[in-house]
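Chain by chain, the residues:
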Amino acid sequence: MTCAQRLIQLLEAYGVDTAFGIPGVHTIELYRALGESRLHHVTPRHEQGAGFMADGHARASGLPAACFIITGPGMTNMATAMGQALADSVPMLVISSVNQRASLGRGQGRLHEMPHQRETLAGVSVFSHTLHDPEALPEVMARAFSIFHSARPGPVHIEIPLDVMGAPVSDEPITPTRTYPPAPAPEALARAAEWLGTASRPLVLLGGGTADAPGAARALVERLDAPTFTTINAKGVLGLDHPLDLGATASLPAARRLAREADVVLAIGTELGETDYDLVFDGGFVLDGRLIRIDIDPQQLGRNQAADLALLAEAGQAMAALAERLPESTQRDGAGRAEAVRRALALAEDAEVAPYAPLFATLREVLPDAILVGDSTGPVYAGNFLASLPAPRRWFNAATGFGTLGYGLPAALGAALARPEQPVVALVGDGGLQFVLGELGTARDLGRPVAIVIWNNDGYDEIRRFMSMSEIPHLGVDLAAPDFQALAQAFACRHLGVTDPASLHDALGRLDEASSPLIIEVDASAWIASL
């Protein structure tokens, strides 16, 4: 039994079923072991794609996938995807090789050598560990999965020296360590229930930490009869068009007035970060009422805005326990307050958002159960305000937080692997897609009918707009887009051109006609002109 074989056994024991990676001379021992296992291996065209695919797989399923990455350039390519996963608390296990123990840190010019690989990756991971002792592997894996199961998750990096990878290890029975998240303190629950029970204008803020407890979230906000903001990573937690759900609109003026008027604010599983509550970057999201925060990360309880009452707990347990302590019937006209905000927001009449409303109406009509995965592009920015989803884990993107480009397509492929029974749509721009064109080859390999909707506006239009507002010349933002129809043919994908909502409706309806990706190219100028 080698260390590499033991690693694969441990992954299976912890329930990992998929690994993303590009084989290299430094990781071939992992592939010897992988060939003997039940794990499904996917080969992307770039290590960044491997990370984004693992990210999308985890967001769609709630479970971590593994990445097998070579020393040096493989890890620097992977760093961006790890940064995105860390920003959004996405579980991901990154297994890499590293040079032999005797050569580490010596600068001998060996293949793929980095002076301090572990330290470099520590900044984009929950922890980064070098496995010097092959017998310590079960302990390190237990540490990783305790984070995935009972703490604020994120990417974990374990690097294995080449001489450790093939080293013999004891073949003892594997008993995975199962850990459980913290439960809320009864005294804190009692005080939170007292404050909320006597509030006249309560407000709830639900973050991505609530994604696995939609039933508890709905029961709590309905018991409180409180208007609720659901962040981008919490979309769908309250279900489709819930009357108390104001979505991710907390950066807009009418929503901010509601927040400021609240006498008690309950924030659950949210970091109260800039890209969820202050997208206009003016510091205008202010909470004057008493703030109760519930989070699984003790450090997060004091960041951005200190709480008047802080509960360290997993969101689902805390919400269920809190709802039990609240009065059964509380009439605060929460739905009426939320509807007044929606009328004041008037998103359907907003010049920057309205052009995308027909796009999301069409997606909802044709593919109501779809998982929508976005890049940093105009439709996604608008969709963060507009889209309403029937369940959580069906809307995620890279438009906020770390905010990388090139995320949408590979993350959609990861989601399609995790949820083969659901349609998956990647919402990308022509600029962002050019970061990862090679992953069209991975899409072809997988043979899944993923829809790749390209909003083609000839470059980086969001940056163009910011340049115009700041009276800066348009430099570096007007790109020559490739012929996407020819690219689709080259990668054995289907291609349909779209100019208006009716043609988009027809194109989406053809998604399942073949077991191959469907590229739907939207001419942005023609679309806007058709409205």
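Attention here is on the structure that accompanies the text. (Residues numbered from 1 in each chain as written. Predicted model: local features only at pLDDT ≥ 70, side-chain atom pairs only at ≥ 80, totals over all residues. Heavy atoms only, no water.)

1. Section: the environment of Ala306
Link 1 in the chain: Structurally, Ala306 can be placed in the loop between strand E10 (290–295) and strand E11 (309–312).
Link 2 in the chain: Residue classification places Ala306 among the exposed positions, given a relative accessible area of 57%.
Link 3 in the chain: Distance in space between the C-alpha atoms of Ala306 and Arg32 is 51 Å, their sequence separation being 274 residues.
Link 4 in the chain: Ignoring any residue separated from it by four or fewer positions in sequence, one finds Ala306 in contact with Leu291 and Leu301. (Helix = DSSP H or I, 4+ residues; strand = E, 2+ residues; numbered from the N terminus. Buried < 20%, exposed > 50% of the residue type's maximum accessible area, 1.4 Å probe, protein only. Contact = heavy atoms within 4.5 Å.)

2. Comments concerning the sheet that holds strand E9 (residues 264–268)
Within a beta sheet, neighbouring strands are joined by backbone hydrogen bonds and run either parallel or antiparallel to one another.
Link 1 in the chain: The 5 strands lie next to each other as E8-E7-E9-E10-E11, forming an open sheet whose pairing is parallel. Looking along the sheet, the strands with just one partner apiece sit at the ends: strand E8 (228–230) and E11. Strand after strand, the sheet turns through a mean of 10° between neighbouring axes, direction not considered.
Link 2 in the chain: Sheet topology note: the strand E7 (residues 202–206)/E8 ladder contains 3 bridges and is parallel. In the strand pairing of E8, Leu205 is matched with Phe229.
Link 3 in the chain: On the sheet, helix H8 (residues 186–197) packs against E9, E10 and E11 and is oriented at approximately 135° with respect to E11. (Pairing = 2+ DSSP bridges. Axes fitted to C-alpha atoms, helices over the stretch in contact; angles between N-to-C directions.)

3. Some remarks on the nonpolar core
Link 1 in the chain: Core analysis: the biggest nonpolar cluster contains 55 residues, and Leu205, Phe229, Trp395 and Val425 have the highest contact counts within it.
Link 2 in the chain: The biggest single contributor to this core is helix H10 (residues 253–261), with 4 residues.
Link 3 in the chain: By size, the runner-up hydrophobic cluster in this structure holds 51 residues, among which are Ile69, Leu121, Ile371 and Val428. (Core = buried A, V, L, I, M, F, W, Y, C linked by side-chain atoms within 4.5 Å.)

4. Brief notes about unusual backbone geometry
Link 1 in the chain: Unusually for a residue other than glycine, Phe281 sits at a positive phi of about 55°.
Link 2 in the chain: On the secondary structure map, Phe281 appears in the loop between helix H11 (274–277) and E10.
Link 3 in the chain: Residue classification places Phe281 among the partly exposed residues on the basis of a relative accessible area of 48%.
Link 4 in the chain: Here Ala492, not a glycine, exhibits a phi torsion of approximately 55°, which is positive.
Link 5 in the chain: Note that Ala492 resides in the loop between helix H20 (484–490) and strand E16 (494–498).

5. Focus on the packing of H8 against helix H12 (residues 315–325)
Link 1 in the chain: Running from N to C, H8 and H12 cross one another at 55°; their axes reach a closest spacing of 9 Å. As judged from the angle between their axes, H8 and H12 are oblique. The element H8 and its partner H12 pack so that their crossing is right-handed. The segment H8 lies against H12, with Pro186, Leu189, Ala190, Ala192, Ala193 and Leu196 engaging Ala318, Ala321, Leu322 and Arg325.
Link 2 in the chain: Class assignment of the residues belonging to the contact of H8 with H12 gives a composition of 9 nonpolar, no polar and 1 charged. (Parallel < 35°, antiparallel > 145°, perpendicular 65-115°, else oblique. Left-handed = near helix turned anticlockwise from the far one by under 90°. Nonpolar A, V, L, I, M, F, W, Y, C, P; charged D, E, K, R; others polar.)

6. As for the sheet that holds strand E3 (residues 66–69)
Link 1 in the chain: What the 6 strands build is an open sheet, ordered E2-E1-E3-E4-E6-E5; its pairing is parallel. Of all the strands in the sheet, just strand E2 (40–42) and strand E5 (127–130) have a single pairing partner and so form its edges. Ignoring strand direction, the axes of neighbouring strands in this sheet form an average angle of 20°.
Link 2 in the chain: The sheet contact formed by strand E1 (residues 18–21) and E3 spans 3 bridges and is parallel. Bridge pairing links Gly21 to Phe68 in E3.
Link 3 in the chain: Lying on the sheet, helix H3 (residues 47–61) is in contact with E1, E2, E3 and strand E4 (92–98); it crosses E1 at an angle near 160°.
Link 4 in the chain: Across the sheet, helix H6 (residues 137–150) lies against E4, E5 and strand E6 (155–161), angled at about 170° from E5, the strand it touches most.

7. Thoughts on the environment of Gln117
Link 1 in the chain: Its location among the elements puts Gln117 in helix H5 (residues 117–122).
Link 2 in the chain: Given a relative accessible area of 3%, Gln117 falls into the buried group.
Link 3 in the chain: Taking the C-alpha atoms as reference, Gln117 lies 23 Å from Ile8; in sequence the two are 109 residues apart.
Link 4 in the chain: Setting aside residues up to four positions removed in sequence, Gln117 forms contacts with Thr71, Gly72, Met75, Ser96, Ser97, Val98, His157 and Glu159.

8. Considerations on H8
Link 1 in the chain: Here H8 is 12 residues long and its end C-alpha atoms lie 16 Å apart, about the 16 Å a rise of 1.5 Å per residue gives.
Link 2 in the chain: What H8 keeps buried is the set Ala188, Leu189, Ala192, Ala193, Trp195 and Leu196. Along H8, the residues classed as buried sweep out an arc of 165° about the axis, all on the same side. Exposed residues lying more than 90 degrees from the buried face of H8 are Pro186, Glu187 and Glu194. (Expected span 1.5 Å × (residues − 1). Arc of directions from axis to C-beta.)

9. Some points on helix H21 (residues 501–508)
Link 1 in the chain: Restricting attention to buried positions, one finds in H21 the residues Leu504, Ala507 and Leu508. Seen from one end, H21 has its buried residues packed into an arc of 90°, which puts them on one side. For H21, the exposed residues lying more than 90 degrees away from the buried face are Ala502 and Asp506.
Link 2 in the chain: At its buried positions, H21 is contacted by helix H14 (357–366), E16, strand E17 (518–523) and helix H22 (524–530).

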